[in-house]
Amino acid sequence: MGYIELNNVSFTYLLAKRPAMENVSLSIEKGKFYAILGANGSGKTTLCNIIRGFIPNFYEGEMTGEVMLEGKPLKDYSMEDLAPKMGYVFQNPFNQITGARDNVFEEIAYGLENFGVPVDEIQRRVERVMEMTNTAYLAEKNPFELSGGQQQRVALASILVLEPDILVIDEPTSQLDPKETERVFDIIRKMKETGKTIILVEHKIELVAEYADHVIVLENGKVIDFGEKHEVLSKLELQDHGIVLPQSVVLADKMRKQGMEIEPKLVTRDELKQELQRKYGR
Amino acid sequence: MALIEFKDVSFQYPNGFSAVEHVSFSIEQGESIAIVGQNGAGKTTTVKMMNGLLKPTEGTVVVDGMDTRSFTAAQLSRKTGYVFQNPDDQIFHNTVGDEIRFGPQVLGFDREKTETLVKFAAQVTGLEKDMDENPYNLPLSIRKFVTIASVIAMDVDIFVLDEPTAGQDQYGIRTLETMLKILREKGKTIITITHDMEYVVNNFEKVMVMAHKNLLRVDHPRKIFMEDALLEESMLIPPYISSLVKDLGIKEDVFTQEEIIEYYLSRK
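Residues numbered from 1 in each chain as written. Chains lettered and ligands numbered in written order. Predicted model: local features only at pLDDT ≥ 70, side-chain atom pairs only at ≥ 80, totals over all residues. Heavy atoms only, no water.

J.: Can you walk me through the overall build of chain B in this structure?
T.: The secondary structure content of chain B amounts to eleven helices and ten strands. Relative to the globule expectation of 18 Å for 268 residues, the C-alpha radius of gyration of chain B, 20 Å, shows essentially globular dimensions. Its C-alpha atoms give chain B principal-axis dimensions of roughly 65 × 45 × 35 Å. Counting over 268 residues, chain B shows a buried share of 53%. Counted over contacts in chain B with a minimum sequence separation of 6, partners at least 24 positions apart contribute 64%. A distance of 1 Å separates the average location of the 28 positive side-chain charges in chain B from that of its 40 negative side-chain charges. (Helix = DSSP H or I, 4+ residues; strand = E, 2+ residues; numbered from the N terminus. Rg over C-alpha atoms; globule rule 2.2 N^0.38 Å. Buried < 20%, exposed > 50% of the residue type's maximum accessible area, 1.4 Å probe, protein only. Contact = heavy atoms within 4.5 Å. Lys, Arg positive; Asp, Glu negative; His and termini not counted. Charge placed at Lys NZ, Arg CZ, Asp CG, Glu CD.)

Structure representation (structure tokens):
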């Protein structure tokens, strides 16, 4: 029995012609990092919403099948029980930022206030998370005056501060520059090390190859592949489904075709580097 | 004379925040240029001065012989089209078709020219099937193409694209690449801000590196991604092959997948 289980889940948005999610079954282990890949429109955000329970609660449409969390149907959890357990970072940070407070510090503290956390603990947790997400210098700013990248970091901070067991994160780095993006992945890695379960939508394949444990590949609302990252990301045929593969996989394939002896299933730059050093001395 | 000429340009926002300091460069007709650098480096402020959305507070910006301080943004926008970072900053119509048609209509193009431009714009951005859709029913990545198509339909000579690759999947990146090729063949000048170094390597021969409000370097990506000090100063992360070559301690000039394979085959 998985930590989170999807059993034959389908969902069709109201008035939509075809299902956004079709017969999806997945088993997610506690404390692992799952990356969701797929073309835009393949159902990545829908899957996140289903796992978080926003579908069917906040979206109209028809859902069949069942989602289980720790052996109990997700629909039997109240929103109050679920909110501290599962954090969701939206794709568009505008949707995350409540605007209920007029500076970034209070925006990040807002969720904890709602959970009734004591003031000194709020102070401590918010400061820690601002340090982690490089948002401390924005503390006094109005959340709506921030750049896209700054908003994205504040949105992430406002969820991290709640310290949920499960983090569902939808494209957290689309507005970030490369260094900021690495910082976000570093934060996610640290979250995983503290036992959190991570479910992440991300197009940046090199970072997925480096950080994720498992990969879920979607196409037209269906899971077309799911498994350990080395197994999934080394399948060249996924390119025919519009999936970008890590450059190590593509380069190693070309090297093999030129007669070089390169082991299969190397997905990160570091793995290919080590193989090249082993076989060719450099 | 260059198509775009920045001479010792600085820009300070009205609140006193200085975003660009003493930047000089020139861009020739038909060039295709990537501007890279960290958030806050001054990239967006720089490109906004190319179509008069911002006027330099010091120095001069001349676009096709026009000193931008002597022309309105409306006049300059006939020459330079700007695609915003966030598509929702520039979408106002109920259908994709109306949105794309709006520009050429406002510019007073006749019906035939308007329709030819709209058709071309929809074609190169892959939007032909979405013309009757409400833009807000389309994913953000496709909405970005709606704003690009709107600018193409205005028949401008200079395209400024602010982070077109953000949030794009493989289909989106390929569409962008094909589109750039077609626009270049038509002699258009293209200036793209991007964080995607693989996109830079695959599509641009000239790169402007910005950092802390300054222009550090204009050069071929092959040169730029080999210079550790420059990369460090601008906080850039080099593309895959350059990083791999560096990790492996290869000193030779190796920049593409083909070159690294050749390197190994020749060492055998």
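J.: Mind showing me how you'd approach the overall build of chain A here?
T.: A count of helical and extended segments in chain A gives twelve helices and ten strands. Since a compact globule built from 282 residues should have a radius of gyration of about 19 Å, the 20 Å found for chain A is in line with a globular shape. The dimensions of chain A, computed from C-alpha atoms along their principal axes, are 65 × 45 × 35 Å. The proportion of buried residues among the 282 residues of chain A is 54%.

J.: What should I look at first to understand the interface of chain B and chain A in this one?
T.: How big an interface is tends to be expressed through the accessible area that disappears when the partners come together. Contact with chain B, which involves 32 residues of that partner, is made by 35 residues of chain A. With both sides pooled, the region where chain B packs onto chain A buries about 3,100 Å², and carbon together with sulfur makes up 57% of that total. Per-residue buried area on chain B facing chain A is highest for Tyr240, Gln257 and Tyr264 of chain B; these three make up 20% of the total on that side. Summed over the shared surface of chain B and chain A, the number is two salt bridges. Here Lys254 of chain A ties to Glu258 of chain B by a salt bridge, and the two come within 3.4 Å at their closest N and O atoms. Where chain B meets chain A, there are 13 residue pairs in polar contact (both at pLDDT 80 or more). Counting only elements with at least two residues in the side of chain B that touches chain A, the list comes to α10 (240-247) and α11 (257-267) of chain B. The element contributing the most residues to the side of chain B that touches chain A is α11 of chain B, with eight residues. Across the side of chain B that touches chain A, the residue classes break down as 13 nonpolar, twelve polar and seven charged. (Buried area = accessible area lost by both parts, 1.4 Å probe. Salt bridge = Lys/Arg side-chain N within 4 Å of Asp/Glu carboxyl O. Polar contact = N/O pair within 3.5 Å; in protein donor to acceptor, adjacent residues only side chain to side chain. Nonpolar A, V, L, I, M, F, W, Y, C, P; charged D, E, K, R; others polar.)

J.: Mind showing me how you'd approach the nonpolar core here?
T.: The nonpolar side chains of a soluble globular protein tend to be buried, and buried together. Counting 51 residues, the largest nonpolar core has Phe33, Ile108, Val126, Ile169 and Ile198 of chain A as its most contacted members. Discounting chain neighbours no more than four positions away, the residues touching Ile108 of chain A are Val126, Val129, Met130, Thr135, Val154, Ala157, Ser158 and Val161 of chain A. Counting residues in hydrophobic clusters, the runner-up holds 45 residues, among them Ile100, Met179, Leu180 and Leu230 of chain B. (Core = buried A, V, L, I, M, F, W, Y, C linked by side-chain atoms within 4.5 Å.)

J.: So what exactly am I meant to see when it comes to the pattern of salt bridges here?
T.: Should the charged atoms of two oppositely charged side chains come close, the side chains can pair. Residue and element names in this part refer to chain A. Counted under the stated rule, the structure contains 35 salt bridges over all chains. Note that Glu163 and Arg128 form a salt bridge whose closest N and O atoms lie 2.7 Å from each other. Of the two residues, Glu163 sits in the loop between α7 (148-160) and β7 (166-170) while Arg128 sits in helix α6 (residues 119-132), which places them 35 residues apart along the sequence. A relative accessible area of 35% places Glu163 in the partly exposed class.

J.: What's the story with the domain arrangement of chain B in this structure? I'm lost.
T.: All names here are of chain B. Domain parsing of chain B yields domain 1 (1-79 + 156-237), domain 2 (92-154) and domain 3 (239-268). If you average the C-alpha positions of domain 1 and of domain 2, the two centres end up 24 Å apart. Tallying the contact residues gives 18 residues for domain 1 and 14 residues for domain 2. Between domain 1 and domain 2, roughly 1,300 Å² of surface is buried when both sides are summed, and carbon and sulfur atoms account for 71% of that area. Applying the counting criterion to the domain 1 and domain 2 interface returns zero salt bridges. Applying the counting rule to domain 1 against domain 2 returns four residue pairs in polar contact (both at pLDDT 80 or more). The leading source of residues in the side of domain 1 that touches domain 2 is helix α6 (residues 170-185), at seven residues. Partitioned by chemical class, the residues of the side of domain 1 that touches domain 2 number nine nonpolar, five polar and four charged. (Domains from an automatic or database assignment.)

J.: What should I look at first to understand the packing of aromatic side chains in this one?
T.: The description of an aromatic ring pair rests on the distance of the ring centres and on the angle between the ring planes. Residues and elements named next belong to chain A. In this structure the tally under the stated criterion is 15 aromatic pairs over all chains. Both rings, one in Tyr13 and one in Tyr59, keep their centres 6.0 Å apart while their planes meet at 75°; by these two values the pair is edge-to-face. Separated by 46 residues along the polypeptide, Tyr13 in strand β1 (residues 4-13) and Tyr59 in the loop between α2 (54-57) and β4 (61-69) bring together distant segments of the chain. Here the aromatic rings of Phe185 and Tyr211 are separated by 5.3 Å at their centres, their planes lie at 45°, and the arrangement is tilted. With Phe185 in helix α8 (residues 178-193) and Tyr211 in helix α9 (residues 205-211), this pair connects stretches of sequence that are 26 residues apart. For Tyr211, a relative accessible area of 15% puts it in the buried group. Just above the ring of Tyr77 sits the side chain of Lys72; from NZ or CZ to the centre is 4.4 Å. (Phe/Tyr/Trp six-rings, centres within 6.5 Å; stacked < 30°, edge-to-face > 60°. Lys NZ or Arg CZ within 6 Å of the ring centre and 35° of its normal.)

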